[in-house]
Amino acid sequence: MKRPTTEYISRFKKWQDTAVVKIKDHPTLIDFEKGLDFYSREQSILLKHPKVFNLPEEEIQKLLVYELYNYLEFTVWLELGPVNEVCNLIRMPSFLPWLSSEMKDDALKIYVDEGAHAEMAFALISKIEEHTDIKSMRLEPKFIKELDELILSQPKELEQMIKIFFVIISETLITGTLTGLPHDKTVQKGIREFALDHATDEGKHHAYFKNFFEILWPKMPKDFQAKIGALLPKMILAFLYPDAHELEQILLKFFTVKESSEIINDLLSSENVIEGVRKSILPTKRMLKKCNLFEIEEIEHSFNSHKLMKV
Ligand SMILES: [Fe+2]
Ligand SMILES: [Fe+2]
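Being a predicted model, the structure only gives us computed values, none of them experimental.

**Some remarks on the nonpolar core**
Judged by nonpolar contacts, the single largest core of 63 residues is most densely connected at I164, F165, Y208, F209 and F212. Looking at this core element by element, the count peaks at 11 residues for helix α10 (residues 222-240). Formed by 43 residues, the second largest nonpolar core is a distinct cluster that contains L63, L72, A116 and F194.

See the structure below:
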């Protein structure tokens, strides 16, 4: 059986020569081409509904711009919010002082990567707003509120660990946008490149947080493991489950209130939604399995009751 590694292997030794922030052009320098979309039709949740799919072509293109904005705004909130809060925490000498200095130094590099991703996403929004004359609704993604609610529902001493595990989850799973968007040739080249560059950095972050988890988990007391582990499904769903409010705000630009809520209900009642979540968390689940999390009854039960166990 392959054992989880308890040693840290840095993927940031050549960071100066590989990080997007160090070597890539800023998105404000890109040009847009006629005939290409601003977001992937295949990745669009809304286009899965026949009523949306049958909108006139011009409206669909507009809808895709809004979906892209939501993805980019989500990136800004995530990177500057929990991810960088946790990177800063890991960097502090007093926090988990037994972590290697190399690991602490790399957390600072991730912080810089994420800051750049957020800034580039923001700059891209401004650039597209200018080009299309469609304004971003600047919506706050639901995971911010859901993470706060989860923290408030638990004893205070769990707060830091909830944030850390939320980041471990979000940095180790693989979303369709990260893998699908860069390869969709119907999408503007500049947007695909932004997504690909982001995915390249995220590959290193993925390895870092997996390594971090494998070092941290065995050091946690058993009762703490059970408590945090049982909260993982809620964190996963806060992060991955479609944001009904955001989607509805987009639909309201094209449909009546009644139609919009019917479309949302249809889309979210489909089994495909939870199936999509389960698919995205496969790498994270493999990591959890390697550390025997599902042998802890509370954790296995929680994954089952949130319909996240079935593959
Ligand atoms: Fe990122
Ligand atoms: Fe990241």
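**Side note on the pattern of salt bridges**
A side chain of one charge can pair with a side chain of the opposite charge if their charged atoms are brought near each other. Counted under the stated rule, the structure contains 18 salt bridges. Between E102 and K13 there is a salt bridge whose closest N-O contact spans 3.6 Å. With E102 in helix α5 (residues 101-132) and K13 in the segment before α1 (15-18), the pair connects residues that are 89 residues apart, well separated along the chain. Notably, a salt bridge pairs E146 with K142, separated by 3.4 Å at the nearest N-O pair. Of the two residues, E146 and K142 both sit in helix α6 (residues 142-152), four residues apart, roughly one turn of that helix.

**What to know about the environment of A19**
With respect to the helices and strands, A19 occurs in the loop between α1 and α2 (20-23). Each C-alpha atom of the pair A19 and G180 lies 21 Å from the other, and the pair is 161 residues apart in sequence.

**Notes on the environment of P221**
Its place among the elements puts P221 in the loop between α9 (189-216) and α10. Between the C-alpha atom of P221 and that of P97, which follows or precedes it by 124 residues, the distance is 17 Å.

**Comments concerning the coordination of the iron ion (ligand 1)**
Looking at the metal site, the iron ion (ligand 1) is ligated by E79 (OE), E114 (OE), H117 (ND1), H198 (NE2) and E202 (OE), spaced 1.9 to 2.3 Å from it. Mapping the donors of the iron ion (ligand 1) onto the primary sequence gives the spacing E-x34-E-x2-H-x80-H-x3-E.

**Notes on the coordination of the iron ion (ligand 2)**
Protein coordination at the iron ion (ligand 2) comes from E114 (OE), E171 (OE), E171 (OE), E202 (OE), E202 (OE) and H205 (ND1), with a distance range of 2.0 to 2.7 Å. Taken together, the six donor atoms coordinating the iron ion (ligand 2) span angles of 52 to 156° at the metal, a pattern that classifies the geometry as irregular. Considered as a linear motif, the donors of the iron ion (ligand 2) on their single chain read E-x56-E-x30-E-x2-H. Here the iron ion (ligand 2) and the iron ion (ligand 1) are spaced 3.6 Å apart, linked through E114, which binds each one. On the criterion of sequence distance, the pair formed by E171 in helix α7 (residues 159-172) and E202 in helix α9 is long-range, its members being 31 residues apart.

**A closer look at helix α13 (residues 271-280)**
Residues of α13 that are buried: V273, I274, V277, R278 and S280. Angularly, the buried residues of α13 cover 165° about the axis, an arc narrow enough to put them on a single face. Of the exposed residues in α13, those oriented more than 90 degrees away from the buried face are N272 and K279. Where α13 is buried, its residues contact α10, α12 (257-268) and α14 (282-290).

**Comments concerning the packing of helix α4 (residues 57-91) against α7**
Put simply, α4 and α7 touch, their axes get as near as 9 Å, and they point 115° apart. For α4 against α7, the interelement crossing comes out left-handed. The residues of α7 that touch α4, namely those facing L78, E79, P82, V83, E85, V86 and L89, are Q160, K163, I164, F166, V167, S170 and E171. Looking at side-chain class alone, the contact of α4 with α7 contains eight nonpolar, two polar and four charged residues.

Here is what the cut-offs are and how they apply
- Residues numbered from 1 in each chain as written.
- Chains lettered and ligands numbered in written order.
- Predicted model: local features only at pLDDT ≥ 70, side-chain atom pairs only at ≥ 80, totals over all residues.
- Heavy atoms only, no water.
- Core = buried A, V, L, I, M, F, W, Y, C linked by side-chain atoms within 4.5 Å.
- Buried < 20%, exposed > 50% of the residue type's maximum accessible area, 1.4 Å probe, protein only.
- Helix = DSSP H or I, 4+ residues; strand = E, 2+ residues; numbered from the N terminus.
- Salt bridge = Lys/Arg side-chain N within 4 Å of Asp/Glu carboxyl O.
- Donors = N, O, S within 2.8 Å, 3.2 Å for Na, K, Ca; no water.
- Tetrahedral: all angles 85-135°; square planar, octahedral: opposite > 155°, others 65-115°.
- Arc of directions from axis to C-beta.
- Contact = heavy atoms within 4.5 Å.
- Axes fitted to C-alpha atoms, helices over the stretch in contact; angles between N-to-C directions.
- Left-handed = near helix turned anticlockwise from the far one by under 90°.
- Nonpolar A, V, L, I, M, F, W, Y, C, P; charged D, E, K, R; others polar.

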